[in-house]
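Residue strings, one per chain:
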Amino acid sequence: MTESANSFHPPLAGSLFLRSAQLLLPLALAFAVGCGPSETPVETGNREGILHINNGAEVQSLDPHTTSGVPESHVIGALLEGLTAVDPETLEAIPAAARDWEISDDGTAYTFFLREDGAWSNGDPVTAHDFVFSLRRILSPNLAAPYYYMPFPVVGAREYYEGEIDDFSQVGIRAVDDLTLEIRIRYPLPYFLTLLAHNTWYPVHPDTILAHGLMDEPNTRWVRPENFVGNGPFTLQRWATGRRIEVRRNPDYWDADRVHLNEIHFYPLQHPLSGERAFRAGQLHITDPVPAERISYYQNERPDVFATGDYFGTYYFRLNVTRPPFDDPRVRLALSLALDRETLVNNIYAGARSAAYSFVPPGVPGYEPKPVIGHDVRRARELLADAGFPDGQGFPAMQILYNTSDEHSAIAQLAQEMWRRELGINVGLENTEWQVYLDRMNRLDYDIARSGWIGDYLDPFNFLNTMVTGGGNNRTGWSSGEYDALLDDIQRTADEETRWQLIRDAETLLVEEAPVLPLFFYNRMYLIDPAVQNWRPTPTAYRFYKDVRLTAED
């Protein structure tokens, strides 16, 4: 999942303080409503059960089938629910919209039994037919779903999407009756139940979709608060662009008694320093991440509000291989080898993050990524010369695209200097807002783009599958038949050791072909008010809001 706009903040000074104050002004105005003369939004929230969270960016959409970003998933996960959920402690699949399931002996047929009390927020029952409709929608090319390939393990899904079959009844999903859903997959997948907790598999309310457009029509008004119908623990109450999104406890949710919060308010603060200031001012219960220059203070002076954790994610550069000279793998690999990743993480993060020499981050039980790439300036220069650019001569002007953030700017500047010093090439910098940045990556309107991926589920395949030919999250134009065949083999292989080796083979091919240049692995550092109880972030982007509660001081 594409990580959020504000992933971390380096120790930079200067005009950032003015920009942060400007960003906080509309936030302060938003918080002012409903608070007493001497009461902060957090204090009010503690009394009224309203959780205030920094979401890091303005969401692109709230349609679960057309988004791929972390900010979007955090809100959508409060509004909709799939067949399964992820236990925040064990990271195993647990019942959600489905109360139970059965798996065939060969692991390729799943029968899900939906809850009799499962309901949409308008009172309609949640049925197996809703899930069939939703999968058909995801597999409709006109929708342009970024995760259209995720359901390809389902029998006939790939063939339907690619137009080889046009009868959806040939796809391996059917409603046996209103409360029984059958899904057939092509081969056993050990993580299939966890995969179903991803928003790609969330159901949408068919009548609501069709009331505002065609089934496969993107960007319709069904996602507006006055139209949104969901089946999750909260309902959409307000979406004030650039200010906040408000969700409210859903009384029709099957597990409503377990939902302790009355509301959650999500704020789109892109700069970590802005979030930290809002936290100190009592305007936020939670902000993530912590600005680098404030980490030492919170570790030593306020450990009661400072929290850390694993985060299954990688920060990297994408290269647009449809634009010369990045169509030459020698050029791409040269750029990768010239990057001194240790210097980068030490200069920007003071060692708080680890350099990435593979694309898949550590953290998967049983699998340890092996270094694939290193820092080798001599070889980088040789490759660039072999490609026709000795000492950078004749290398065309290129730009690094990044969404507005001082962190991304600092990283881009370091890479810019390394490439100039080591290879003799000059690269410019270009920043845009989050939504513009996503749109340009989707249209391949860039040369080099900063990127990040947070795992949707705890398996290396989730990272490797982003680079499948034509995948909605590829966004580089890179294609390799050998790589795609390895991905197919990975999914078909049941033996764990054989599967791990295939994953290493695929990752080695990817990193040496270098359409992506891994830079460092993420970790989680955030601030959380002591009033927040049962906040249990997972290493993936998944959030579990149901058990969260707020305690008010006496």
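Notes on the structure follow. (Residues numbered from 1 in each chain as written. Predicted model: local features only at pLDDT ≥ 70, side-chain atom pairs only at ≥ 80, totals over all residues. Heavy atoms only, no water.)

In terms of helices and strands, the protein chain carries 17 helices and 19 strands. Since a compact globule built from 554 residues should have a radius of gyration of about 24 Å, the 23 Å found for the protein chain is in line with a globular shape. Referenced to the eigenvectors of the C-alpha coordinate spread, the extents of the protein chain come out at roughly 70 × 65 × 40 Å. Looking at the protein chain as a whole, 63% of its 554 residues qualify as buried. The long-range fraction of contacts in the protein chain, counting pairs at least 24 apart against all pairs at least 6 apart in sequence, stands at 72%. The averaged location of the 77 negative side-chain charges in the protein chain is 5 Å from the averaged location of its 46 positive side-chain charges. (Helix = DSSP H or I, 4+ residues; strand = E, 2+ residues; numbered from the N terminus. Rg over C-alpha atoms; globule rule 2.2 N^0.38 Å. Buried < 20%, exposed > 50% of the residue type's maximum accessible area, 1.4 Å probe, protein only. Contact = heavy atoms within 4.5 Å. Lys, Arg positive; Asp, Glu negative; His and termini not counted. Charge placed at Lys NZ, Arg CZ, Asp CG, Glu CD.)

The next subject is unusual backbone geometry. What is expected of a backbone is that most residues other than glycine have negative phi and most peptide bonds are trans. Residue P289 is reached from D288 by a cis peptide bond, and omega for that bond is 10°. Mapped onto the elements, P289 comes out in the loop between β11 (286-287) and α9 (292-301). Of note, the amide linkage connecting P324 to P325 takes the cis form, showing an omega dihedral of 5°. By secondary structure assignment, the location of P325 is in the loop between β12 (306-319) and α10 (329-337). A positive phi is found at N219, a non-glycine position, where the angle reads about 60°. Considering the arrangement of structural elements, one finds N219 in the loop between α7 (206-211) and β8 (234-240). For R475, which is not glycine, the phi dihedral falls at a positive 55°.

What follows covers the pairing of strand β4 (residues 98-103). Of the strand pairs in this sheet, β4 and strand β5 (residues 109-114) are connected by five bridges, and their pairing is antiparallel. Bridge assignment links D100 to a residue of β5, and that residue is F113. The turn joining β4 and β5, which pair antiparallel and follow one another in sequence, is formed by five residues; a positive phi near 75° is taken by G107. (Pairing = 2+ DSSP bridges.)

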